[in-house]
Structure formats: structure tokens, C-alpha cells
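Residues per chain, in single letters:
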Amino acid sequence: MNGEGALGLGVAQAGVSERALAREQVEDQVKTMAGVPEARLADFFGSIEDGQLVIRLLYGLDRSQEYVMLTWPARGTGYPPLSDVAPAAFVEECEIFEQFGVSPGGGKTLNRLVIPPHADHDFPRLGEAPARDRPPPHAPHHVSGEAFEFPFGPVRAVAQESLYIGLVTSGEEVIDLYLLQWHKHRGIERRLQERLPDEALFIVERAEGLSAVANSWAFCRAVETVADARPPPAVERSRAVALELERCYNHAAAIAALCQATGLSVGQAQAEIALEKLLRLNAAAFGHRYLFGVLAPGGVRTAPDGAVLESGLGPVLDELREVVESLWSTNSFVDRLESCGVVTPDEAARLGLVGPVARASGQSIDTRRDHPFGPFAELELDVPVRSTGDVMARMSVMVDEIEESRRMVTELTAAGLGAGVADLPRVPGCALGWCESPRGESLAWVRLDAEGRLRRARIRPASARNWRAFDDAARSRNVFTDIPIIEASFWLTVAGLAR
Amino acid sequence: MSESPTLPTSPPANLRLLDDERDERAAARRLREAAVAIFGRSLHIRTIDTGSCAVCESEIRLLAAPHYDLHRLGLFFTPSPRHADVLLVTGPAVRAFDPALMKTYHAMPEPKLVVAVGACPLGGVYGEDELVHGRLENVLPVDVFIPGCPPSPLALLHGLLVAVGRLAEKAGELSFIEGTNDSRGTTTSGAMPEDRR
Ligand code: SF4
């Protein structure tokens, strides 16, 4: 529990340094971090520890293979307005206010996230509600001049998740856009408190079902770090196979959704055939179409049959590649994707984006390579990067990643897959876990008490980070009909955002 | 509607859910016959998400994909609740979503059906508390539950077959019987799956 990390901080666990700050040091330290070019603001959250609200600010130092966590007690005046220095912190400032009633200094106006407008003081939260005499300073949305707001949602197109999109427009062009996600807030993090990790996993998987493996692997790693137990390599390889299968089916689904959004029903049908086959392969390999119940703290429940993987995955991905090749030669498709929904490399860095959305905007980050875990420490990973930041770039990143996943499944299978769940000792402690979901870096931070129960579990799926770039992408010279295309290329979930 | 159609109100005993081609076709055929008989090949479905994990949506989208192709059965998705016969509900009924759920439900014409998709609206994932109703039945009359987490597209088709039968009953009640409809929910397989897979 001691030693020195890259920035001269105490090492909390392998790959994570931690530094406890006094409230007065926070601003300077954040300014210092803002000057470190490789420091990416990864997460920012509150946790009640021994009756005290402690703020935790996490940076990913991706080139140094390290995470840095700054912590300080939020006594009295809260904390300095960090988003002035680090814009990537804004959404979490709003979250900490809603959940713990502590706002940043400077009287900044915050946005509404998951507490509905009609909620009263007793609405369930992680901590205390904002003081009764203080009306919540939620930002009103001003629409003026030629513009008007086109309300879209929360009930949207068929089989799409509920989300309110406030489209500010003058007719066709998107001037501004904002999201309201409180319709889907299920209080996931609150539900995890007081639970044993084994029981908690059921809920962790359902925070965002389309990243069930990645989110639960991050969670399991955090719990296993506290228990100081790592599953044997063959078991970790089975987890990695599940993770790559998850990536394949999600990217196939994103390609199908892109075809749907551009009105290409033949391409959509072909991609959906591949998607259905991938889901059936998941079921054949691990017993569940969406890979629920595969991981457990301490191991993995099923080892897939190498022959099933070998005979199943290759042909489907070949099929999918053919679909993609025909799409690339369909002008009406490519035209809709190019220069659509641009996120500039600057914005991607400023907002701390992750996953294919970040990689399509010039950010070469991937936790499998930058913070290697499990079998990824031994595997060579080619991280595809594009610089145009448009829908086209995001799709081509996904297409390349499918090929990487295919290669990795082959290598992992060849190295041997195992199953088994070890009993973890119930010990107190805190730890961070991470994983690369199909949508990007997924994080989990846990604090366990002496009985091994969760005092606090922070679950941060990639969706929770990447939605914040959606308005920027939608605004960049786009019209209404581009929005479904941009949404498909981000391939995020509202479930993961609202939790 | 002058005659009460003779249709199954629950799936026939021999209609079992297997991933087997033959059964898939049998289920499809029955569904087609039932839908054609009552709704002249146009049963319209509106989906609504009350707090799902996004996976049930994924399975519902696949109903329209080539493997399942709902349209050949005369079933269609509609974006407008005013054209919908069936409300296909996912999620544990988040309380904050109630106004949108109610507006959608009340916008649908009679006879209408509510089909609850997955373990969430059965109360199997979250349970009733201050944030969610847990069971969808606490807020809407549910006609058919389709258990599973998620129910596979084939299970969804099976549930829709049951729903078509229930809709036939409701239509009959509308034409001939005055008064309230106190029909109870039907479950496609009786109980929650013990295994959440
Ligand atoms: S029933 Fe299961 S799969 Fe469906 S939304 Fe709920 S948790 Fe997700």
C-alpha cells in the first residue's frame, strides 16, 4: 500500500496512484493536471466515507499506464468549480450536486440529470438532498430569436430507449440540442450499496445490458483487487473471449443501425443476419445471447468450447465484412456518413471521450493496451485511429476493431480457456477496476466494509462519458435527419447514461 | 365483428419453444392465421421503454430482422400510439416516466392490449420502491407477460400469439357485452424462469 507512482503519489493498487489533498490544494492540483498533456479526466464522483463526503477525481495517464486518483473531503463550501479548468468535469459536478447536495463554488448554473423536475426533497439519492431553502439551480433552456424548440421524446422511434431530446432549430438546421434522461434513472449505484458483490453483479450487468461483460469485468476486477485474488490466466482468457464477442455483436448492431438510419434496408437486413448469428454464437458459447451471468466476482461460470467459437465466429465475421464492403461502395451510404456529426480531436480531448468515438477523433486510447488487464498484458493490440471525427470515421474504427477482436478470440482460444469461480475472502478496502467495453473505457470503483459488503460502488459505463459529445456532434452543420445517423454511430445506451 | 372468432387464448400445448426450425415455422404459421383472421393482416405494435437495460429493445428490433420477420405475419411496428393495437412495454416502470406511459396508453384506441416484456416489468429485476413501480401491473392492466431476461425474439413472437388471442376476446367483449372488462393477465409460461439466462 505504499511506494511512488509517476507523479510522486502514493500507490493505492497496481496501476493506480492515489493522493489525498486538502481542500485548498485542489484548485492548484487540477490546474497542474490540466497542464499534463496526456492526463485524461476519466471520472469524478462522491462517496460517503465514515460519515464524511469525500470527492474523488480520477485521471487516466494513458501513456504511463497509470490512473491517478485525487481525493479530498468536501466539507462546507464544496469544492472549487473544476469545470472552469477541466470542462470534462461538468456533468459530474451536476451529478455530485444532485446526489450529495454539494455544489462547486462560484455559483455556477448546473444542469438537471437524473432527478426529475417534480421530485421532492425525499427523492432517493446517494447522499443528502440540496438544502431545502435553495431551489436547485438547474439551467433553464433559453430559446429565442428565429429558433424554436422541437421536443422529441421521451417516447421515441420503435424499440429505441426513452430519452428526451430538446432540438433547438430554426427549421431544419440543428442550432442546439440537449438531453433529459431522468425517465430512465433506476438508481443503480444506490441499489448496490449494502450488497455483497456476488448479489450486486446481477444489477451491475443490468446497468447497461449491452456492455454487461465489460461493466461486470471492471466491477469484478475492483472487488478482486480488494480481496487480493486474481483468477487463473485460463479463466481470465474466457472473460476476454466474452468481452470480444460482446464487442463484435455491438459493432454489428451499430452497423445495422447505421443502415437503418440511412434508409438502406438491404444492408440493414444483411447486418442483422450477422447480428442474430453472433447472438446465437454467444448463446452457444456462454449460454446467454447477451452474455449475462457469465462473469462472477472470482472467476467465470462457463468456458466456451473452442471448436464452437472457431466454427462460429469466422464465417459470420466474413459475412459481415462482405456487407461492409458493399456498404463502402454504396455512394448514397458513404455520402451520408462523410462530414456528418463531427467531433473534433480537440473536443474529444477536452471532454474526456473514450472508445470508438474518441479513436475516430484522433485519440489513440484503449484500456486494453494502455492499462493492460488480464490476458491483454500479453496480447499485441492494434488500436485503429482516425482523425476526421465524423460518422464515417467512427464506423471504420468499429470495422477495424471487429477484425482485431476476431484475431484475439483465435489467440485466446489457442492459449486455452478455463472456467471456475473462486470464493473471495471478505475483507474491507477500496479499489478501482477498468475494462474496455464496445463503447470505450468502463470503470468501477468499490469500497467494501469488513463484512465484505459494498459501502459505495461507482459504476461508470462508457455511455456516461460519451453522450456529452452528442450535442457538439449534432450541432456541427447538421440537419434533423442526420441525428439518427449520429446516434447510431455513437452507439451508446440511455440505460448506461441514466443508470 | 359479427362472430366471435375461434382462436387460442393461450398457446396450444404442442407449441413448444425450441430453437428448432420446425417449431419456429409452426409458431409463425399459427400467429399468421390468428392475426389474419382478426385483424386482416394488420396488427400494430407500439413499443415503450420504462427503464430497460437496452437489451430487451435489441431483441424487439430483431423481430423485424430477416430471421424472425414480423411483417410476413401481418404484424407491424407503428410509431404512433393512435394506430397501435398492442403496447409492448419494457423496463420496471420507472415512476418518473408515468406521465409519458399514461399518455401513450390513453392515446391508443380500444380494444388494446398491454404486453409486458421481460423480467423487468414482472418485478424480477428491481422490485417496487420509490424509484420504480417494479411490476407494470401496478400502473397498467397487463394482458400478457413474456418472461425472460431478455425474452428471445422467438419468445416474443410466442407472446404476441397469445396476445392476438386475447385481443380477439377483447374485441368480442366490446361488440357484445356492456360493462367492464376484468380480464386478468396471462403468462406465456406461468412463472419466472429460475435461471435468469
Ligand atoms: S428484462 Fe432483463 S434484458 Fe430486459 S430490460 Fe430488463 S434487465 Fe434488461
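Every value quoted in this text rests on a predicted model; they were computed, and no experiment measured them.

## Re the environment of Gly-418 of chain A
All names here are of chain A.
- Tracing the sequence through the fold places Gly-418 in the loop between helix H13 (391-415) and strand S11 (420-421).
- Looking at Gly-418, the relative accessible area reads 13%, which means it is buried.
- For the pair Gly-418 and Phe-44, spaced 374 residues apart in sequence, the C-alpha to C-alpha distance is 36 Å.
- Excluding anything up to four places from it in sequence, Gly-418 contacts Ala-234, Val-235, Ser-238, Val-300 and Ala-303.

## A word on the site of the ligand
- As a matter of local geometry, the ligand sits amid Arg-206 of chain A together with Ser-52, Cys-53, Val-55, Cys-56, Gly-118, Ala-119, Cys-120, Val-125, Gly-148, Cys-149 and Pro-150 of chain B.
- Neighbouring residues of the ligand are not confined to a single chain but are spread across chains A and B.
- More than half of the atoms of the ligand fall within 2 Å of the grid points belonging to the second largest cavity.

## A closer look at the pattern of salt bridges
All names here are of chain A.
- Under the defined criterion, the tally for this structure stands at 54 salt bridges over all chains.
- Notably, a salt bridge pairs Glu-95 with Arg-499, separated by 3.6 Å at the nearest N-O pair. Placement of the pair is Glu-95 in helix H2 (residues 90-100) and Arg-499 in the segment after helix H17 (494-498), with a sequence separation of 404 residues.
- Here Lys-184 ties to Glu-161 by a salt bridge, and the two come within 2.5 Å at their closest N and O atoms. On the criterion of sequence distance, the pair formed by Lys-184 in the loop between strand S8 (174-180) and helix H3 (188-192) and Glu-161 in the loop between strand S6 (148-152) and strand S7 (164-169) is long-range, its members being 23 residues apart.

## Structural notes on helix H7 (residues 265-286) of chain A
- An ideal rise of 1.5 Å per residue puts 32 Å on 22 residues; H7 of chain A measures up with 31 Å between its terminal C-alpha atoms.
- Looking at the residues trailing H7 of chain A, positive phi occurs at Gly-287 of chain A, about 90 degrees.

## Topic: the side chain of Ser-52 of chain B
- As for its position among the elements, Ser-52 of chain B is in the loop between strand S1 (43-49) and helix H2 (55-62).
- One polar contact links the side chain of Ser-52 of chain B to the main-chain amide nitrogen of Ala-54 of chain B, over a distance of 3.0 Å.
- A polar contact of 2.5 Å, which involves the side chain of Ser-52 of chain B, links it to the side chain of Glu-57 of chain B.
- The contact partners of Ser-52 of chain B, leaving out residues within four places of it in the chain, are Glu-161, Lys-184, Arg-186 and Ala-495 of chain A together with Glu-57, Thr-90, Gly-91 and Pro-92 of chain B.

## Section: the interface of chain B and chain A
- If you look at the interface, chain B gives 42 residues, while chain A gives 49 residues.
- At the junction of chain B and chain A, the tally comes to 4 salt bridges.
- Across the salt bridge formed by Arg-289 of chain A and Glu-59 of chain B, the nearest N and O atoms sit 2.6 Å from each other.
- Taken together, the connections running from chain B to chain A amount to 15 residue pairs in polar contact (both at pLDDT 80 or more).
- Elements supplying a minimum of two residues to the side of chain B that touches chain A: S1, H2 and helix H3 (98-107) of chain B.
- It is H2 of chain B that contributes the most residues to the side of chain B that touches chain A, 7 residues altogether.
- Among the residues making up the side of chain B that touches chain A, the classes are represented as 23 nonpolar, 9 polar and 10 charged.

## What to know about the pairing of strand S3 (residues 39-49) of chain A
Residues and elements named next belong to chain A.
- Burial within S3 is extensive, with 10 of its 11 residues counted as buried.
- Two elements, S3 and strand S4 (residues 52-61), share 10 bridges in a ladder whose sense is antiparallel. When the sheet's bridge partners are listed, Leu-41 is paired in S4 with Tyr-59.
- Between S3 and S4, which pair antiparallel in sequence order, lie 2 residues; one of them, Asp-50, sits at a positive phi of approximately 50 degrees.

## Here's the deal with the environment of Phe-150 of chain A
Residues and elements named next belong to chain A.
- Within the secondary structure, Phe-150 sits in strand S6.
- Separated by 239 residues in the primary sequence, Phe-150 and Gly-389 place their C-alpha atoms 26 Å from one another.
- If we skip the residues at most four places from it in the chain, Phe-150 touches Ile-165, Gly-166, Leu-167, Thr-169 and Phe-480.

## So, the side chain of Thr-90 of chain B
All names here are of chain B.
- Mapped onto the elements, Thr-90 comes out in strand S3 (residues 86-90).
- A polar atom in the side chain of Thr-90 sits 2.7 Å from the side chain of Glu-57.
- Setting aside anything within four residues of it in sequence, one finds Thr-90 in contact with Ile-48, Asp-49, Thr-50, Gly-51, Ser-52, Cys-56, Glu-57, Ile-60 and Val-117.

## Some points on H2 of chain A
All names here are of chain A.
- With 9 of its 11 residues buried, H2 lies for the most part within the structure.
- Of the positions making up H2, those classed as buried are Glu-92, Glu-93, Cys-94, Glu-95, Ile-96, Phe-97, Glu-98, Gln-99 and Phe-100.
- Looking at the buried side of H2, the elements it contacts are S3, S4, strand S14 (454-460) and helix H14 (462-466).
- The first or second residue beyond H2 is Gly-101, which carries a positive phi of 75 degrees.

## A few points about the pairing of S7 of chain A
All names here are of chain A.
- Counting buried residues in S7 gives 6 out of 6 residues, a clear majority hidden from the surface.
- Of the two faces of S7, the one holding Tyr-164, Gly-166 and Val-168 and the one holding Ile-165, Leu-167 and Thr-169 are both buried throughout.
- With 5 bridges joining them, S6 and S7 adopt antiparallel strand pairing. Its bridge partner being in S7, Pro-151 is matched across the sheet by Gly-166.
- Here S7 hands over to S8 after 4 residues, with Gly-171 in that stretch at a positive phi of 150 degrees.

## So, the confidence of the model for chain B
Residues and elements named next belong to chain B.
- Per-chain confidence: chain B averages 76 in pLDDT, with 66% of residues scoring 70 or above.
- Taken as a whole, residues 1-21 scores under 50 in pLDDT and shows 28 contacts with residues more than four places along the chain or in a different chain.
- In this model, residues 175-197 is a region of pLDDT below 50 whose contacts with residues beyond four sequence positions or in other chains number 49 contacts.

Conventions used here
- Going along each chain's sequence as written, the residues are numbered from 1 onward.
- Chains and ligands are labelled sequentially in the order written, the chains with letters from A and the ligands with numbers from 1.
- pLDDT decides what is reported in this predicted model: residues at 70 or higher carry local features, side-chain atom pairs at 80 or more are listed and counted, and totals for whole chains, interfaces and linings draw on all residues regardless.
- Each side-chain value is worked out from all heavy atoms of the structure, with water and hydrogens disregarded.
- A run of H or I in DSSP becomes a helix once it reaches four residues, and a run of E becomes a strand once it reaches two; helices and strands are each numbered from the N terminus.
- Three labels apply to residues, based on accessible area from a 1.4 Å probe with only protein chains included: buried if under 20% of the type maximum, exposed if over 50%, partly exposed otherwise in between.
- The contact criterion used is simple: two residues touch if any of their non-hydrogen atoms lie within 4.5 Å.
- Any residue with a heavy atom positioned within 4 Å of a molecule or strand is treated as near that molecule or strand.
- Cavities and pockets are found on a 1 Å grid laid over the protein atoms alone: a cavity is a set of points where a 1.4 Å probe fits but cannot escape, a pocket is an open set with protein on both sides within 12 Å along at least five of seven lines, and a lining residue has an atom within 4 Å of such a point.
- Here the criterion for a molecule occupying a pocket or cavity is that more than half of its atoms lie within 2 Å of the pocket grid points.
- When a carboxyl oxygen of Asp or Glu is within 4 Å of a side-chain nitrogen of Lys or Arg, the pair counts as a salt bridge.
- For a helix, the expected span equals 1.5 Å multiplied by the number of residues minus one.
- Definition of a polar contact: a pair of N or O atoms within 3.5 Å, with one able to donate and the other able to accept a hydrogen when the atoms are protein atoms, and with sequence-neighbouring residues admitted only if both atoms are side-chain atoms.
- Three categories are distinguished: nonpolar for Ala, Val, Leu, Ile, Met, Phe, Trp, Tyr, Cys and Pro, charged for Asp, Glu, Lys and Arg, and polar for the others, with Gly belonging to the last.
- Any two strands are treated as partners once DSSP identifies two or more bridges connecting them.
- pLDDT measures how confident the predictor is about each residue, on a scale from 0 to 100.

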